[in-house]
Amino acid sequence: MEEKQSKFHGLLFLFFFVFGMIASVWIVLRNGWWLPELASDRETIDRIFITIFIIAGILFVISELVLSYFIFRYSGQPGKKAFYLPGTTRKEILWSILPGTLVVIILEISAEFLGGASLWGKIHGEIPKDAFLVEITGEQFAWSLRYPGPDGKFGRTDPSLISYDNPLGIDISDEAAKDDIVFPAGQGIMYLPLDHPVVLLIRSKDVIHSPFLPNFRVKQDAVPGMTTRTWFVPKKEGEFELACAELCGLGHYRMKLPVVVKPMEEVKQWLSEQTPAGDIYY
Amino acid sequence: MKKLISIVLLFSFISFAFAQNATVKGVVKFSGEAPKPRLISMKADRQCDAIHGGKQVQAEDVVVNQNGTLKWVFVYVKEGVKGKYNPPSEPVVLDQQGCWYHPHVFGIMVGQKLEVRNSDPLLHNIHATPKKNKPFNIGQPVKGMKSYHTFDTPEIMVPFKCDVHPWMSAYAGVLDHPFYSVTNDKGEFEIKNLPPGTYTIEAWHERLGTQTQTVTVKAGEVKTIEFTFERKK
Amino acid sequence: MAIHTEHTEVAHKQSFITKYIFSTDHKTIARQYLITGIFWGVVGMILSWLMRLQLAYPNQPMPILEKILGKWAEGGILKPEFYVALITMHGTIMVFFLLTAGLSGTFSNYLIPLQIGARDMAFPVLNMLSYWVFFAASVVMLASFFIQTGPAAVGWTFYPPLSALKNSIPGADLGATLWLISMALFIVSSLLGALNYITTTLNFRTKGMSMGRLPITVWGMFVTAILGLLSFPVLLAGAVMLIFDREFGTSFFVPSGLVLGGQPVPHEGGNPILWQHLFWFLGHPEVYIVAIPAFSLVGEILATNARKPLFAYKVSVGAIIGIGALSMIVWGHHMYVSGMNPVLGEVFVITTLAISFPTAILVFNYLVTIWRGNLRFTPAMLFALGFLGLFIPGALTGAFLATAPVDIQLHDTYFVVAHFHFTMATSAAFGMFAGVYHWFPKMFGRMMNDKLGKLHFWGSFIGVYLIFFPMFFQGIAGVPRRYYAFTEYNFTSQFLGLNKFITIAAFVAGAAQLLFLFNFFWSIFKGKKADKNPWKATTLEWQTDSPPPHGNWGPETPVVYRGPYEYSVPGAEEDYIPQTVPVKVETK
Ligand code: HEM
Ligand SMILES: [Cu+2]
Ligand SMILES: [Cu+2]
Ligand SMILES: [Cu+2]
């Protein structure tokens, strides 16, 4: 090393991270930038999220500060030699492997033992028997809705029956279809009952979409050619937003649906006021 | 330039006055019980809904007028036109207002400009799915946007749809001559300036199909014809 | 780049064409890759500015846009269909053209033969072909900007049916076809390259250059090449299948019974999720095809400028191999909410968390490498340090996304955008910048300007943090990615102000890149002449001329006596001992 190396870079690193971290915390707190208000039973997701956030946050602060400190502290000086540490002894190798192991163990714990695996199993496992069913079908760039009616069963559909009058291709000859309540794309709002399990049956008519309910911690792709499913329990009354989370074309950013959560009786009342499919024009 | 225009105007006036072109007009009737008007709820798009004050809007796929006639029937000369006709220079305007197309059915000439306007402060996309012409799909996210398009080939009919508001639909009849008309809210149509001759006239309705008639007109004649559509069961 | 010292040339006459254009010399090919890569980097950056402008000022007419973009910005309003084209082309260009071809192509070609003491690649003609096929891919990709329906607009992940149905968006028409053709060419080029890198590394090492003495860069490029060879063919197969679906009516990816824009779609029996498996089987290793070369360049530069041996060299090499191997079995973590079998989801959680193990080792080893070093702050060193500073938040936020239930909330949001820009996008770009600053003297025989380089670093480093760090919070609040505007939802419109801030930061960071461009091209012609070994480094390339002659070495290829990082060896006179110095000379 011929020249003394400036401390400037180390200082700037330190300053940048220390100042940046403080400023970030302040700005985030001030603006309340956080997960949207939780309105479903999926609080486990929040719990895991917060746990990882804390762990990752600590690791972030430590490693960036260590990095910055090293840069500041070990800036080169003429005539000095670095500490020769090739890391070939058994002890050193162990040292190099230890932190990685720790990281994995911490992550594993937070992911698996905070209920992540069991929540995953629950979401994809059996659905409760008396659940409230809604079928949501995406198309460029709006959502159709269907409720099964009093019989609790959806009628058969067949894509070859899709027409102007019958946007979902419902086979009206099927008994179960006659009482279905259908809202063609863009013409209905989703009503969900409070404190009652809700099953979303998710379909698509054209490309992949993905109904995303930020407040409910729900997202599941709508894949053409199949019906995907997810379930949850709405826990808050009010109106929420459903957005499309999978790129589906030029209107992707605006493929929205209002979602209204009300007590079960009101939702039932509202449903009973709707015209069933059999009475319309099929 | 002004001179040129006035000469052209004069010339066309003279030729109009002396050639004594014919007119075919009439009404399109609807027989049978009128279907219940279908109502569109725009609830899911709060902006559209607000423009209509939360009220539902009547669909325009089958509109039976008070006098028992049909609106939005495209009546045009299908066969028999001879000669070449140049498209007018003023564009046809398709306006999107209140999450609705205005007009619902219109004619346009090959090579004539179509101006699509967005008078709503929200996204519409104009998705045309012709079979003979090139399909197109244009997004208009902002109020006041205008897009232009021309068609190369005659085609009956070119459907337009807004994918953001799937109920929005319009139809364009693309022709290489100017002899077409769309029925109004009295069910009337009128095709003017037809040279004398024998023509096949077709009436097209998006839900009820087509009907044709053959007419022969003499110079200066005004011929009245009538179509009647029935609801297909 | 007309500086090429001739004096040691091993009797070899070349015309201008064979020397600079259709050259088989790995050093020229490397420079061709570099310049093409820089070109694409500029294009990708300009596209990102356009996106940022739109996000900062939605619904506000900007007449200048109409001047530049014509009908894509009628009335100064950027069209939503063009925004989708922008993200698609930006992603594709940055990932494949800049950080795969530009990064691997440049440094594999340049460093492998030089650092292992070979005279050229194993198959020089194939190598030239590889570049020219890449060039053809570039021409096709560039051409797609100028066609009527515009460039591909279905996301760089090209998910069908959006990408399979030509009517789904204007950019799914001819633009998507050109994209697929260009990518097919690109893959062929990568495979030719990879074959060469692997064969050369295995067979052309000079005397004494055992695998255990290879610089970490060569290890990185070698593992990358193997990864490419294993995964790229799968994407090629997928691309060919997609071309068939689009052009010849097959239905690999399109199910029956679809209705698009009110019109029935004549396909039957395909499965859209199949594409996602094929794509991510490449796509995830691709992330490491980008990251590993950057990692390895950074390792080399850290050791050289810390004047310290790379800590636990063998473990680090093992970690790189481990990352490479594991990267082949984690692709499903992109598909937790895709409708894939949920049991698979749990498997992929475990494999994904496993990959953080070698990654954490590598970062730790790098940190220890600078601990108690004697750091020298060249621009290359700053970028290498900056790489670590960027990679750390990227890697840590991977833990959120790896955990399937949390990913339900964060998938396809700006959290992901921030995450991958830190882990693979900007950090790899930093790795590449570090490499360019470090090897520029060797490549062009001249030095780059030091002050401008440092300014470039600080502009970029601070800029990148200001751009992407806030995006984590946009994602946490739920803002989905690939959104043309944040104006439509309550939970997105709270960020309209923040978006302006991010856009300003993007332009500041962009301005810093102009410093680099100027520095780079100016220095090629006007830079200070470089010595053989300006950084006092140990590896072989620094023991020959700058730039090395055709054939790299004089009449004899060098002989290697020691490992690659003998820095600050106690008792030695200098603080570095080149690999070519016989062991007995060492005063022990
Ligand atoms: C200063 C530099 C950069 C800026 C300002 C920038 C900005 C952006 C923006 C605004 C998006 C679109 C986000 C969205 O709408 O969802 C994006 C997407 C993306 N960027 Fe960058 N970016 C930069 C550098 C890079 C680099 C170096 C890479 C290299 C890998 C990269 C890779 C990507 C990819 C893969 C996507 C996703 C594309 C897609 O969703 O299909 N970016 N970037
Ligand atoms: Cu969608
Ligand atoms: Cu979408
Ligand atoms: Cu619309």
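Quick caveat: nothing in here was measured; it's all calculated off a predicted structure.

K.L.:
Any chance you could explain the overall build of chain C here in plain terms?
P.N.:
From N to C terminus, chain C includes 16 helices and two strands. At 24 Å, chain C has a C-alpha radius of gyration in line with the 25 Å of a compact globule built from 588 residues. Principal-axis analysis of the C-alpha atoms gives chain C an extent of 80 × 50 × 50 Å. Among the 588 residues that make up chain C, the fraction classed as buried is 72%. By sequence separation, contacts in chain C at least 24 residues apart represent 77% of the contacts at least 6 residues apart. Summed over all atoms, the accessible surface of chain C reaches about 17,400 Å², with 70% contributed by carbon and sulfur. Side-chain charges of chain C comprise 34 positive and 27 negative groups, with the mean position of each set lying 9 Å from the other.

K.L.:
Explanation requested: the site of ligand 1 in the structure shown.
P.N.:
All names here are of chain C. Around ligand 1, 23 residues are found, and the nearest of them are Tyr83, His90, His421, Arg481 and Arg482. Note that an oxygen atom of ligand 1 is positioned 2.9 Å from one of the backbone N or O atoms of Trp156. Between ligand 1 and Arg481 there is a distance of 2.8 Å, counted from an oxygen atom to a side-chain nitrogen or oxygen. Elements supplying a minimum of two residues to the shell around ligand 1: α2 (26–56), α4 (80–116), α13 (414–444) and α14 (450–476). No other element matches α4, which puts seven residues into the shell around ligand 1. Classifying every residue of the shell around ligand 1 gives 15 nonpolar, five polar and three charged.

K.L.:
Got a minute to help me understand helix α9 (residues 313–326) of chain C in this structure?
P.N.:
Note: α-helices contain 3.6 residues per turn, so residues at a spacing of three or four share the same orientation. Relative to the 20 Å expected for 14 residues at 1.5 Å per residue, α9(C) spans 20 Å between its end C-alpha atoms, a close match to the ideal helical length. Every buried residue of α9(C) is accounted for by Tyr313(C), Val315(C), Ser316(C), Val317(C), Ala319(C), Ile320(C), Ile323(C) and Gly324(C).

K.L.:
Is there a simple way to think about unusual backbone geometry in this case?
P.N.:
Excluding glycine, residues mostly have negative phi values, and the peptide bonds linking residues are mostly trans. For the bond from Gln140(A) to Phe141(A), the omega torsion is -10°, close enough to zero to count as cis. Backbone torsion omega between His102(B) and Pro103(B) reads -5°, so that peptide bond is classified as cis. With respect to the helices and strands, Pro103(B) occurs in the loop between β6 (101–102) and β7 (105–109). With a phi close to 60°, Arg217(A) is a non-glycine residue in the positive phi region. Residue position: Arg217(A) is located in the loop between β6 (211–213) and β7 (218–219). Even without a glycine there, the phi angle at Trp72(B) is positive, about 60°. With respect to the secondary-structure elements, Trp72(B) resides in the loop between β3 (57–58) and β4 (74–79).

K.L.:
I keep staring at the sheet that holds strand β5 (residues 198–204) of chain A and nothing clicks. Help me out?
P.N.:
Residues and elements named next belong to chain A. Read across the open sheet, the five strands follow the order β3-β2-β1-β5-β8; overall the sheet is mixed. This sheet does not close on itself; its edge strands, each paired only once, are β3 (181–183) and β8 (228–232). Between one strand axis and the next, the sheet turns through 20° on average, direction left out of account. For strand β1 (residues 132–139) and β5, the ladder comprises seven bridges, and the chain directions are parallel. Note on β5: the bridge partner recorded for Ile136 is Ile202.

K.L.:
Looking at this structure, how should I read the environment of Val254(C)?
P.N.:
Residue and element names in this part refer to chain C. Turning to its location among the elements, Val254 is positioned in the loop between α7 (216–247) and β1 (259–260). For Val254, a relative accessible area of 0% translates into the label buried. Remark: the alpha-carbon pair of Val254 and Pro272, spanning 18 residues in sequence, is separated by 6.0 Å. The contact partners of Val254, leaving out residues within four places of it in the chain, are Ala164, Leu165, Asp245, Val265, His267, Glu268, Gly269, Gly270 and Asn271.

K.L.:
What should I look at first to understand the state of the cysteines in this one?
P.N.:
All names here are of chain B. With the rule as written, the count across this model stands at one disulfide over all chains. Linked covalently through their sulfurs, Cys48 and Cys99 form a disulfide whose S-S length is 2.0 Å. Every disulfide takes its handedness from the sign of the S-S torsion; for Cys48 and Cys99 that torsion is -75°, giving left-handed. With a gap of 51 residues between them, Cys48 in helix α2 (residues 46–51) and Cys99 in the loop between β5 (92–96) and β6 connect regions that are remote in the sequence. By relative accessible area, which is 0% here, Cys48 ends up buried. Residue Cys99 is classed as buried on the basis of its relative accessible area of 0%.

K.L.:
What is the right way to look at helix α1 (residues 8–31) of chain A in this model?
P.N.:
Compared with the 34 Å implied by 1.5 Å per residue over 24 residues, the 33 Å span of α1(A) between its first and last C-alpha is a close match. When α1(A) is considered as a whole, its buried residues turn out to be His9(A), Gly10(A), Phe13(A), Phe16(A), Phe17(A), Met21(A) and Val28(A). The inward-facing, buried residues of α1(A) contact α2 (43–73) of chain A together with α11 (379–402) and α14 of chain C. The positive-phi residue at the C-terminal boundary of α1(A) is Gly32(A), with phi of around 65°.

K.L.:
Explain a nonpolar patch on the surface here, please?
P.N.:
All names here are of chain A. Taken together, the side chains of Trp34, Ile50, Ile54, Ile58 and Ile62 present a nonpolar region at the surface, about 440 Å² in accessible area. Within the secondary structure, Ile54 is located in helix α2. Among the residues examined, Ile54 registers a relative accessible area of 49% and is labelled partly exposed.

K.L.:
Even after reading the chapter, I still don't get the coordination of the copper ion (ligand 2), so can you show me in this structure?
P.N.:
Each pair of donors in an ideal four-coordinate tetrahedral metal site encloses 109.5 degrees, whereas pairs in an ideal six-coordinate octahedral site enclose 90 or 180 degrees. Residues and elements named next belong to chain A. At 2.0 to 2.4 Å from the copper ion (ligand 2) lie its protein donor atoms, namely His209 (ND1), Cys244 (SG), Cys248 (SG) and Met255 (SD). Here the copper ion (ligand 2) is ringed by four donor atoms whose angles at the metal span 95 to 129°, and the overall shape comes out tetrahedral. Every donor residue of the copper ion (ligand 2) comes from the same chain, spaced as H-x34-C-x3-C-x6-M. Here the copper ion (ligand 2) and the copper ion (ligand 3) are spaced 2.8 Å apart, and both take Cys244 as a donor.

Rules used in this analysis
Think of each chain on its own: its residues are numbered from 1, step by step along the sequence as written. Following the order in which they are written, the chains are lettered starting with A and the ligands numbered starting with 1. With the structure being a predicted model, the display of local features is reserved for residues of pLDDT at least 70 and the display and counting of side-chain atom pairs for 80 or more, all residues being used for whole-chain, interface and lining totals. Neither water nor hydrogens contribute to the side-chain values; these are computed over all heavy atoms in the structure. Think of it this way: any DSSP run of H or I at least four residues long counts as a helix, any run of E at least two long counts as a strand, and we number them from the N terminus. The globule rule used for comparison is 2.2 Å times the number of residues to the exponent 0.38, while the radius of gyration itself is calculated over C-alpha atoms. A simple rule labels every residue: compare its accessible area, found with a 1.4 Å probe on the protein chains alone, to the largest value its type can have, and call it buried under 20%, exposed over 50%, or partly exposed in between. Any pair of residues with heavy atoms lying within 4.5 Å of one another is described as a contacting pair. Using a 1.4 Å probe, accessible areas were evaluated by the Shrake-Rupley method; residue-level cover was limited to the displayed protein chains. For this count, His and the chain ends are skipped, Lys and Arg are scored as positive, and Asp and Glu as negative. Charge positions are represented by NZ for Lys, CZ for Arg, CG for Asp and CD for Glu. Throughout, the term near means that a residue has one or more heavy atoms lying within 4 Å of the molecule or strand in question. Two N or O atoms count as a polar contact when they lie within 3.5 Å, although within protein this holds only if one can serve as hydrogen donor and the other as acceptor, and sequence-adjacent residues are included solely when both atoms are side-chain atoms. Classification convention: Asp, Glu, Lys, Arg as charged; Ala, Val, Leu, Ile, Met, Phe, Trp, Tyr, Cys, Pro as nonpolar; all other residues, Gly among them, as polar. One fewer than the residue count of a helix, multiplied by 1.5 Å, yields its expected span. A pair of strands is considered paired only if DSSP assigns at least 2 bridges between the two. Axis geometry follows a simple rule: fit a line to the C-alpha atoms, using only the stretch in contact for helices, then measure angles between N-to-C directions, giving values from 0 to 180 degrees. When the sulfur atoms of two cysteines come within 2.5 Å, that pair is taken as a disulfide. The patches described consist of residues with a relative accessible area above 30% and no salt bridge, like charges being joined within 9 Å and nonpolar side chains (Val, Leu, Ile, Met, Phe, Trp, Tyr) within 5 Å. Only one rule defines a salt bridge in this text: a Lys or Arg side-chain nitrogen within 4 Å of an Asp or Glu carboxyl oxygen. The donor set covers N, O and S atoms within 2.8 Å of the metal, switching to 3.2 Å for Na, K and Ca, and it leaves out water, so a site may look short of donors. In short, tetrahedral needs four donors with all angles between 85 and 135 degrees, square planar needs four and octahedral six donors with opposite donors over 155 degrees apart and all other angles between 65 and 115, and whatever is left is irregular.

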